[in-house]
Amino acid sequence: MGFTAAIIGGFSGTSIHLMTNAMRKVPLSRSPWNHVGGFIFGAWVGSKYHSVEKSLVEDINQIRADKGMPPIVGSNAWIRYSAEE
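A.B. asks: Describe helix H1 (residues 2–23), and please don't skip the residues or the numbers.
C.D. replies: With 22 residues, H1 ought to run about 32 Å at 1.5 Å a step, and its terminal C-alpha atoms sit 31 Å apart, in line with that. Taken residue by residue, H1 has Ala5, Ala6, Gly9, Gly10, Gly13, Thr14, His17 and Asn21 as its buried positions. Viewed end-on, H1 has its buried residues packed into an arc of 165 degrees, placing them on one side of the element. H1 presents Ile8, Phe11, Met19 and Met23 as exposed residues on the side facing more than 90 degrees away from its buried surface. Where the residues of H1 are buried, they touch helix H2 (32–66). Residue lysine 25 follows H1 closely and has a positive phi angle near 55 degrees.

Criteria and thresholds
- All chains use their own residue numbering, which begins from 1 and follows the written sequence.
- In keeping with the predicted nature of the model, local features appear solely for residues at pLDDT of at least 70, side-chain atom pairs appear and are counted solely at 80 or more, and the whole-chain, interface and lining totals rest on all residues.
- To obtain the side-chain values, all non-hydrogen atoms of the structure were used and water was disregarded.
- Helix and strand labels come from DSSP, where a helix needs a run of H or I of at least four residues and a strand needs a run of E of at least two; each type is numbered from the N terminus.
- To estimate the expected span of a helix, count its residues, drop one, and scale the result by 1.5 Å.
- Whether a residue is buried, partly exposed or exposed follows from its accessible area with a 1.4 Å probe, protein chains only, as a fraction of its type maximum: under 20%, in between, or over 50%, in that order.
- Picture the helix axis, draw a direction to every C-beta atom, and the arc is the one those directions span.
- By the convention used here, residues are in contact when the closest approach between their heavy atoms is within 4.5 Å.

This is how it looks when you write it as structure tokens:
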């Protein structure tokens with residue numbers, strides 16, 4: 001899933017640059033190095049998404065455990081970051 005998130009993030013970064021060029025009514029291929037930069041930045045953001053999501057779920061479950069509440073319902077099933085059972 002990390003590779004898929006990186007590719008989706010990369011295409012999103014490139015698409016954002018293309019959209020800004022379209023809104024400014026300049027040629028879409030203007031500043032092609034920004035297409036590459038947008039792809040790299042978007043791929044980096046996409047790859048970091050999993051670690052951020054994992055840390056947020058762990059923090060929420062820790063707060064719930066401190067309050068004596070059970071973890072988020074199904075957090076071990078829909079987020080695949082927990083240890084194997």
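Structure shown, so let's carry the discussion forward.
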